[in-house]
Amino acid sequence: MRQYSRAAVATAALAATANAANSSTLASMCTVANVQAALPANGTLNGIELLPAAVTANTATSSSYNYCNVTVTYLRTGTSNEVILQYGFPSPADFQYRFYLAGGFGYTLSTDTTSGLEYGAVSGASDAGYGALSGTTYDEVNLYGNGTINWDATHMFAYQALGELTLVGKPLTRGFYGMADDAKVYTYFEGCSDGGRQGMSQLQRYGGEYDGAALGAPAMRYGQQQVNHVFAALVEQTMDYYPPPCELAKVVNATIAACDALDGRTDGVINRSDLCQRKFKLSSVIGESYYCAAETTTSLGFDFSKRSDGTSTQTVPAQSGNVTAEGVAVAQAIVDGLFNSKGQRGYLSFQIGAEFEDAASTYDNTTGTWGLDIPSTGGEFIARMVELLDEDNLSDLNNVTYDTMVDWMNTAMVRYMDTLQTTLPDLTPFQSHGGKLIHYHGEQDPSVPTASSIHYWQSVKNIMYPGVSTAKALKELEEWYQLYLIPGAAHCGRNTLQPNGPYPADNMATIIDWVENGVQPTFLNATVAAGTYKGEVQQLCQFPKRPLWKKGAWECVTDEKSVETFYYTFDAFKTPVY
């Protein structure tokens, strides 16, 4: 009831300023003078010195929406480094008293200032002081030179640029539309992959500024996550077997076929990777035949670098054969995850049934053999941010062991604990402010392991609700933080190997309804886009509930034994890993 009361009070307060704002035209508001007058006075935002003379403003159109394109520049107190902000202000008639930020991808920040227009929201982007608006990526500027970290750029990319974009943008929004200084501006963040991490950085660092967020597959826990991209290649080198891509593809497709029906319905989707992990043995695929026609293939990249985006393209001949014991051993080691030489866990891996993207081997046309291919998603991170060398990738893995990988992870975790790691588990400022979070993750994500999100969710639960029963902690947590796994989905999208899987498309609408109208979701809508069940809307279960097809319908069930397959303890590290 309090949620509705708070929403009603906020609505009444907004209505008091609505008439004045809506009676003005965009053209009359979109002037340099109006923006300058709307800027928060210097001295009111600690550490930010706005430069009114640098303001620009002009009307523009995007996707049939008219908006005011505004540029604002500021200095951080005591420095001479200018930071440029851009904002898109919807027309007064479209404005719904909202401020919205979208996350970027890889080492980029979003440059889109129009993404909030469909929600009637002001949105913005920052150049972070290093040229992010013009396409400069963080990994291009993270070093001043070998051995010297650019900490200013690191803090800005990690969380500060977006936080300051919001701190300036919200009072600027009130001033632009002639709202009262204390009028409510609902503030939202949406992003996936590193955009999800960027959103988490805001909830962790500026929680009191945000009302809602929809965040997918956040690439947080940088120390472990990025180094882990090299793990599969190291497994192949350690075992001295480099499976042809088609062999590993057969393992994946056979896994999908075998585990499809474990959830109660045969639809080409692994809805229960937990049951698959418990009941399916990869060794059962040994001896099965595979064939792939000649093609040009591209391995995983996800744009983690503008100069070298992590992809590797090669033309390979037709592949045929039978799945070998060596190939399955490689696949099993990857699924099991990283352990040090003492048998202590370093990191988790992808859910069984996910593609082995990081394990893509390279074909040598001269020798006709397959060999090592180091994904620069991890190789560049290790070279530039762990070894502090101005390199785009590791040249080889000579003398690298699993212990080496754990050491790399530990070095990166400690070095970037207060910046890129982005795993602070105490979200009290966000929660106490009334913030709402929908956190989702594809269950067959081949880039950011699904259990990575679950581990953070667990950390938040344990830190914020200590000493209470699990049932009570879950009940209180779901009132503001809900986690959803998307069956069969890949990284921030649908899965070509499981195209019949559902995917949510209206997360922001759900968050807005939750925040502004007090409608707490009990599930997440996701639509099937292909196959026999095309058009079906599935109601995804809140974790730790799991889906099960019973009597012609999906049910959300409790299966503690299966859910435990998602839980990990990282005893290779002495520092807690959140």
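Given the structure is predicted, the values throughout are model-derived calculations rather than measurements. (Residues numbered from 1 in each chain as written. Predicted model: local features only at pLDDT ≥ 70, side-chain atom pairs only at ≥ 80, totals over all residues. Heavy atoms only, no water.)

J.: Teacher, can you tell me more about the state of the cysteines here?
T.: The final tally for this structure, using the stated rule, is 5 disulfides. With a sulfur-sulfur separation of 2.0 Å, Cys192 is cross-linked through a disulfide to Cys492. Between Cys192 and Cys492, the disulfide has an S-S torsion of -95° and is therefore left-handed. Here Cys192 is found in strand E9 (residues 186–192), whereas its partner Cys492 is found in the loop between strand E20 (481–486) and strand E21 (502–503), with 300 residues between them in sequence. Overall, Cys192 belongs to the buried group, its relative accessible area being 13%. Relative accessible area serves as the criterion here: at 24%, Cys492 is assigned to the partly exposed category. Counting its disulfide-bonded cysteines in sequence order, the chain shows a connectivity of 1-2, 3-8, 4-7, 5-6, 9-10. (Disulfide = S-S within 2.5 Å. Helix = DSSP H or I, 4+ residues; strand = E, 2+ residues; numbered from the N terminus. Buried < 20%, exposed > 50% of the residue type's maximum accessible area, 1.4 Å probe, protein only.)

J.: Is there a simple way to think about the packing of aromatic side chains in this case?
T.: Aromatic ring pairs are reported here in terms of the distance separating the ring centres and the angle at which the planes meet. Enumeration according to the criterion identifies 24 aromatic pairs in this entry. Relative to Tyr119, the ring of Tyr100 has its centre 5.2 Å away and its plane inclined at 40°; by these criteria the two rings are tilted. One end of the pair, Tyr100, is in strand E5 (residues 98–102); the other, Tyr119, is in the loop between E5 and strand E6 (121–126), and 19 residues separate them in sequence. Look at Tyr100 and you get buried, because its relative accessible area is 5%. Judged by its relative accessible area of 17%, Tyr119 falls in the buried class. Seen from their ring centres, Trp480 and Tyr481 are 5.7 Å apart, and the 50° between their planes marks the pair as tilted. The class for Trp480 is buried, based on a relative accessible area of 3%. The exposure class assigned to Tyr481 is buried, which follows from its relative accessible area of 1%. An aromatic cluster is present here, built from Tyr87, Phe89, Phe95, Tyr97, Phe99, Phe176 and Tyr177 joined pairwise through their rings. A cation over an aromatic ring shows up here: Arg265 above the ring of Tyr533, its NZ or CZ 3.5 Å from the ring centre. (Phe/Tyr/Trp six-rings, centres within 6.5 Å; stacked < 30°, edge-to-face > 60°. Lys NZ or Arg CZ within 6 Å of the ring centre and 35° of its normal.)

J.: Is there a simple way to explain the packing of helix H5 (residues 151–176) against helix H6 (residues 194–205) in this structure?
T.: The packing of two helices is summarised by the inter-axis angle and the distance between the axes. One way to put it is that H5 packs onto H6 with a least axis distance of 9 Å and a crossing angle of 65°. Between H5 and H6 the crossing geometry is right-handed. Facing H5, whose interface residues are Phe157, Ala158, Tyr159, Leu162 and Gly163, H6 presents Asp194, Arg197, Gln198, Ser201, Gln202 and Arg205. (Axes fitted to C-alpha atoms, helices over the stretch in contact; angles between N-to-C directions. Left-handed = near helix turned anticlockwise from the far one by under 90°. Contact = heavy atoms within 4.5 Å.)

J.: Is there a simple way to think about the nonpolar core in this case?
T.: The nonpolar side chains of a soluble globular protein tend to be buried with one another. Val72, Tyr87, Phe89, Tyr130, Phe356, Trp480 and Tyr481 are the most contacted members of the largest nonpolar core, which totals 132 residues. With 11 residues, H5 is the largest single contributor of residues to this core. The contact partners of Trp480, leaving out residues within four places of it in the chain, are Leu427, Phe430, Gln431, Gly435, Lys436, Leu437, Val460, Met464, Tyr465 and Trp514. Grouped together as the second largest cluster of nonpolar side chains are 23 residues, Ala102, Tyr119, Tyr484 and Leu540 included. (Core = buried A, V, L, I, M, F, W, Y, C linked by side-chain atoms within 4.5 Å.)

J.: Explain the pairing of strand E10 (residues 212–216) to me, please; I cannot follow it from the model alone.
T.: Successive side chains on a regular strand alternate, one facing one side of the sheet and the next facing the other. Most of E10 is tucked away: 5 of the 5 residues are buried. Neither face of E10 is exposed, since Gly212, Ala214 and Gly216 on one face and Ala213 and Leu215 on the opposite face are all buried. Across 5 bridges, the pairing between E9 and E10 is parallel. Across the sheet, Gly191 pairs through a bridge with Leu215, a residue of E10. (Pairing = 2+ DSSP bridges.)

J.: Just checking my understanding: could you explain the sheet that holds strand E22 (residues 524–528) for this structure?
T.: Strands in a sheet are paired, the pairing made by backbone hydrogen bonds, and the direction either parallel or antiparallel. Here we have 3 strands laid out as an open sheet, ordered E21-E22-E23, and antiparallel in their pairing. The two strands at the open ends of the sheet, each matched to only one other strand, are E21 and strand E23 (537–540). Direction of pairing for E21 relative to E22: antiparallel, over a ladder of 2 bridges. Within the sheet, the bridge partner assigned to Pro502 lies in E22 and is Val528.

The analysis is restricted to geometry; functional conclusions fall outside its scope.
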